[in-house]
Each structure stands twice: as structure tokens, then as C-alpha cells.
Amino acid sequence: MRAAFHGARRVLPDGVGRETLRERLDRLVVDAPAAHDLDDWVDIYGNDDGIIGELERRTAAALGTEAAAFFPTGTMAQQVALRCWAGRTGNATVAGHPLSHMEGHERDAWAVVSGLRMVHPTNAPRPPTAAEIYDLAEPFGTLALELPLRDAGFVLPTWDALTATVAAARDREAVVHFDGARLWECGPHFGRPLPEIAALADSVYVSFYKSLGGISGAALAGTEDFVDEARAWRHRYGGRLFQQWPAALAALAGLDRELPRLPEYVAQAKVVARALGAHLAEAGVPWFRLHPAVPHTHQFHLWLPHPPELLNEAAVRQAEETGTVLFGRWDEPGPAGPPGVALTEITVGANALDWTDGDIRSATAEFVEFVRRVGGVMPAGAARAEAARRS
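Parameters and conventions
Residues numbered from 1 in each chain as written. Predicted model: local features only at pLDDT ≥ 70, side-chain atom pairs only at ≥ 80, totals over all residues. Heavy atoms only, no water. Core = buried A, V, L, I, M, F, W, Y, C linked by side-chain atoms within 4.5 Å. Buried < 20%, exposed > 50% of the residue type's maximum accessible area, 1.4 Å probe, protein only. Helix = DSSP H or I, 4+ residues; strand = E, 2+ residues; numbered from the N terminus. Contact = heavy atoms within 4.5 Å. Salt bridge = Lys/Arg side-chain N within 4 Å of Asp/Glu carboxyl O. Axes fitted to C-alpha atoms, helices over the stretch in contact; angles between N-to-C directions. Parallel < 35°, antiparallel > 145°, perpendicular 65-115°, else oblique. Left-handed = near helix turned anticlockwise from the far one by under 90°. Nonpolar A, V, L, I, M, F, W, Y, C, P; charged D, E, K, R; others polar. 1 Å grid on protein atoms, 1.4 Å probe; cavity = no way out; pocket = protein on both sides within 12 Å on 5 of 7 lines; lining within 4 Å. Points joined across faces, edges and corners; volume = space filled by probe spheres on them. Expected span 1.5 Å × (residues − 1). Pairing = 2+ DSSP bridges.

Asker: Explain the nonpolar core to me, please; I cannot follow it from the model alone.
Answerer: Grouped together as the largest cluster of nonpolar side chains are 55 residues, with contacts concentrated most on Leu 162, Phe 178, Leu 183 and Trp 184. For this core, the element with the most residues is helix H12 (residues 245–257), which contributes eight residues. If we ignore the near neighbours within four places in the chain, the residues touching Leu 183 are Leu 63, Leu 147, Leu 194, Ile 197, Val 204 and Val 206. Phe 5, Leu 310, Val 316 and Trp 330 belong to the second-largest nonpolar core, a separate cluster that totals 39 residues.

Printed below as a string of C-alpha cells:
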């Protein structure tokens, strides 16, 4: 699939892994001179007076926090944050969502490594409400909110709902941690700048490769004393690496180039989602689901009524035969999803900015045709729609 996508001339979704090592290195070389003084020394164990220190200060400034600490992974940053709060609050119980990254993608590190326990204010595929926080039957030390909630469709609450949920946690004498791996793109939905959003929480984790196009790495931001404690635990968890300058260079470049463009990507995601909905229906697809129907960020989910293997093969053939990539990888929808359907995540970035409604219409019709070829069947009405399109 990567080879087919690499050879494509036009690609709608961002983040489909199309770069070779050489291409990624070449891109870093191009970005590096504007990102940081290349006559500076390489970093040694994240020294504060070098590139890691600059990245930490730039991140804190972007979020409006007193300080920030660089971490090699978001999983480590999250565990450190929750462990610090458990010690400070005296309560090892975390209120979180069962669809959160911590629950679904970190192998229960919060429990196995950090000795914490999780309670769920809600099982609904959305962030918890203030009422659900008030109704939790037991005390908790930290409320962890993933913004946006990726596995539910990159969904966000309204600003009023978010502030009410945070206030409810405070009333329960808990602290608030934002799993903000993708917090960077939340501003347009909330209508608030990043510092105002981050100020709601006691600690914030952000990613440098999600949304910003970095190589790897994350940051944990908050007050000076909290971040100092987090640095101590980072060392204990094995996160004080000898040299991390390639990741830091790419992160600084992302802050310069991608962060200012995210509102543009969010706006284009709404255009892309609307066009996909119209043209999937036009092509006669009997059932599909775009969620959210109007994206909250520059990412959203699309569901189609076919096995992922079939849709992946159709995507590869479209890339190879037409030079177009409309969709990235398709996967099973998870244990709660119905059989016989597949899910893809669509991320709208710089690639998609010049895609018009007509471009999406033709690519969608092509994709439906490739699905028919691979599966040996065409959804009801698709044959008539395709014939009309070509006439």
C-alpha cells in the first residue's frame, strides 16, 4: 500500500506514510535552517541551553503555560502527568473515557506501570458532561479529558460544555489533565486561542508529530513546579535520551509552518466532508457514515459497508491506475462496531487544500468503481450513477 501511495500524483488525506527515509531526511534538511541555529551544539540529555530548551520554551509560550518538558513519547508524558497528580492529590483514581488513547492504545500503562485505576463517567462516544462528572459514585483525583476524542470521531464538546465539565471536576476536588495530543487544532471549534483552552487544565500533553508533522516527541506543560517534578519522573521512566535534536528540529519547524495553517485545514475539512457525503450518495453507495457530519477539527471518520480488505485493495488499485489517493488505510471499526463495515480516518492537511468539489466527485466515482471491480458487485444504484456520470 505504501508503495502504491508513494507513486500517486494526487493525495487527499494527510499522514498516509508516503515518505522514504531519504525523502524525510531531505525535508528535514530543508526545514532545519529556519527552525534553529545549525551552528548550535547538539543537545546532550536535553540540556536547557540548547535546542530542547528552546522547543520547551516555544511550546510553553504557544500554550500560555509557565513551563513545558519534552518527552520522547506521549504515552510516557501521560503516565508521568497522572502519576504526579496521584501523588499530589493522594488519590490514584483517574476519571477517563473508555475510548480514550490511554484506555485503547497504551496497553493499560496507567495501571500496569503507574499503579493507577480508571473510572468512567460515561460510555457514550463523546466527552463526558458536567452532570456525569457530578454523578460519579466515587472520588477521583484527576479528570483526564482527551481533546479531541479520536476514537469517537475526533469529537469535541462545546466551549460551554467543556468549561462546565472542568468546573464539575473542581467541585469534586479533582485536578484536570488534558490529553491534548491534537489540541493544536481545537481553536477554531471552540473559538478560543490555545492559551485560553490550555488554561482550563492543570496539565496539558501535546504531540509534535500529530497535527504538526514532526518526527516524534511530545511535551507536558503546566506550572514550573509541576514540570520540574515531571522532569524527575521522565528520567526515572527512561525518557532522558542522549540526543533528540532531529525530533526537536522537526517540531520547531512544525510550530513555525503547520500551527498557523491548522485553521485553514479545519475549514477545508468541512468542505471535504460535505463533498464526500454528496458524491458518495450520487455514486449510489447504499449506506455510509461521515462522523461528525461537520468535522470538529481537520480530522473525521468515514464508514463504508465493505470489509477493510476489499476497500484497501480498491484504494491501492486507484492509486496505481489513476495516480489518485482518495482514502488511506481502512480498518475494522473496533469491538463495538457491526461486522461487514470498515472505518477510515481522514486527515485534511496541505495536500487537500487545492482539491475542488469536482476533484472529489471524480475521485469518489472512481473509487466506487474500483470497489465494484475488487468485490465483483456494485452497490444498488451505483451502475446507473456511473453511467450517467460518463454520459
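Once you've had a look at it, read on.
Asker: When you look at the environment of Phe 5 in this model, what are you seeing that I'm missing?
Answerer: You can see Phe 5 is positioned in helix H1 (residues 2–6). Taking relative accessible area as the criterion, Phe 5 reaches 1% and is therefore assigned buried. In this structure the C-alpha to C-alpha distance between Phe 5 and Leu 162, which are 157 residues apart in sequence, comes to 39 Å. Once residues within four sequence positions are removed from consideration, Phe 5 is found in contact with Val 11, Val 16, Arg 18, Ala 315, Ala 319, Val 325, Phe 327 and Gly 328.

Asker: Looking at this model, I keep getting lost on the pattern of salt bridges. Mind explaining?
Answerer: Oppositely charged side chains may form a pair once their charged atoms are brought near each other. Overall, the coordinates contain 24 salt bridges when judged by the stated rule. The partner of Asp 31 in a salt bridge is Arg 257, with the nearest N and O atoms 3.1 Å apart. Of this pair, Asp 31 sits in helix H2 (residues 21–35) while Arg 257 sits in helix H12; the two residues are 226 residues apart in sequence, bridging distant segments of the chain. Looking at Asp 31, the relative accessible area reads 16%, which means it is buried. Judged by relative accessible area, which is 29%, Arg 257 ranks as partly exposed.

Asker: Where do I start with the packing of helix H3 (residues 51–63) against H12 in this structure?
Answerer: For any two helices packed against each other, one specifies the inter-axial angle together with the distance between the axes. At a closest axis distance of 9 Å, the pairing of H3 and H12 adopts a crossing angle of 30 degrees. Of the possible angle classes, the one that applies to H3 and H12 is roughly parallel. Relative to H12, H3 is oriented so that their crossing is left-handed. Facing H3, whose interface residues are Ile 51, Ile 52, Glu 54, Leu 55, Arg 58 and Thr 59, H12 presents Trp 245, Ala 248, Leu 249, Ala 251, Leu 252, Leu 255 and Asp 256. Tallied by class, residues from the contact of H3 with H12 come to nine nonpolar, one polar and three charged.

Asker: Any chance you could explain the layout of surface pockets here in plain terms?
Answerer: Counted as a void, the second largest pocket has a volume near 180 Å³. Lining the second largest pocket are 13 residues, and of these Leu 38, Val 42, Ile 51, Trp 245 and Leu 249 sit closest to its centre. Elements represented by at least two residues in the lining of the second largest pocket include exactly H2 and H12. Looking at the lining of the second largest pocket residue by residue, the class counts come to 10 nonpolar, one polar and two charged.

Asker: Even after reading the chapter, I still don't get helix H13 (residues 262–282), so can you show me in this structure?
Answerer: Relative to the 30 Å expected for 21 residues at 1.5 Å per residue, H13 spans 30 Å between its end C-alpha atoms, a close match to the ideal helical length. In the core, the buried residues of H13 are packed alongside helix H9 (187–190), strand S9 (289–291), strand S10 (299–304), strand S12 (342–347) and helix H15 (357–375). Once H13 finishes, Gly 284 follows within two positions and takes phi at roughly 85 degrees, a positive value.

Asker: Would you mind going over the sheet that holds S12 with me for this structure?
Answerer: Sheet strands associate in pairs through backbone hydrogen bonding, adopting either a parallel or an antiparallel arrangement. Spatial strand order, S9-S10-S12: three strands in an open sheet with antiparallel pairing. Two strands lie at the open edges of the sheet, namely S9 and S12, each paired on one side alone. Mean inter-strand twist for the sheet, computed between neighbouring axes without regard to direction, equals 20 degrees. Here H13 sits on the sheet and contacts S9, S10 and S12; the angle it forms with S10, its principal contact strand, is near 10 degrees.

Asker: What exactly am I supposed to notice about empty space enclosed by the protein here?
Answerer: The gaps left among the atoms become clear once a water-sized probe is rolled over them. Counted according to the given criterion, the structure contains four cavities of 30 Å³ or more. Roughly 80 Å³ of internal volume is contained in the largest cavity. Lining the largest cavity we find Gly 96, His 97, Ser 100, Met 102, Pro 121, Pro 127, Pro 128, Ala 144, Leu 145, Glu 146, Leu 149 and Asp 179. When residues in the lining of the largest cavity are grouped by element, the largest group, three residues, is from strand S5 (residues 142–146).

Asker: What am I meant to see in the sheet that holds strand S7 (residues 203–207) here?
Answerer: An order of S2-S8-S7-S6-S5-S3-S4 is seen for the seven strands of this open sheet, with the pairing classed as mixed. With partners counted over all chains shown, the strands left at the sheet margins are strand S2 (67–71) and strand S4 (117–119), one partner each. Across this sheet, the average inter-strand angle for adjacent strands is 25 degrees, counted without regard to direction. In this sheet, S4 lies alongside strand S3 (residues 93–95) in parallel orientation, the contact comprising three bridges. Looking at the pairing, Val 94 lines up with Met 118 of S4. Where helix H4 (residues 74–89) meets the sheet, it contacts S2, S3, S5, strand S6 (175–179), S7 and strand S8 (218–222), and its direction lies at approximately 180 degrees from that of S6. Strands in contact with helix H8 (residues 159–171) are S5 and S6; relative to S6, the strand with the most contacts, it is inclined by about 140 degrees.

This is a description of form; function is not addressed.
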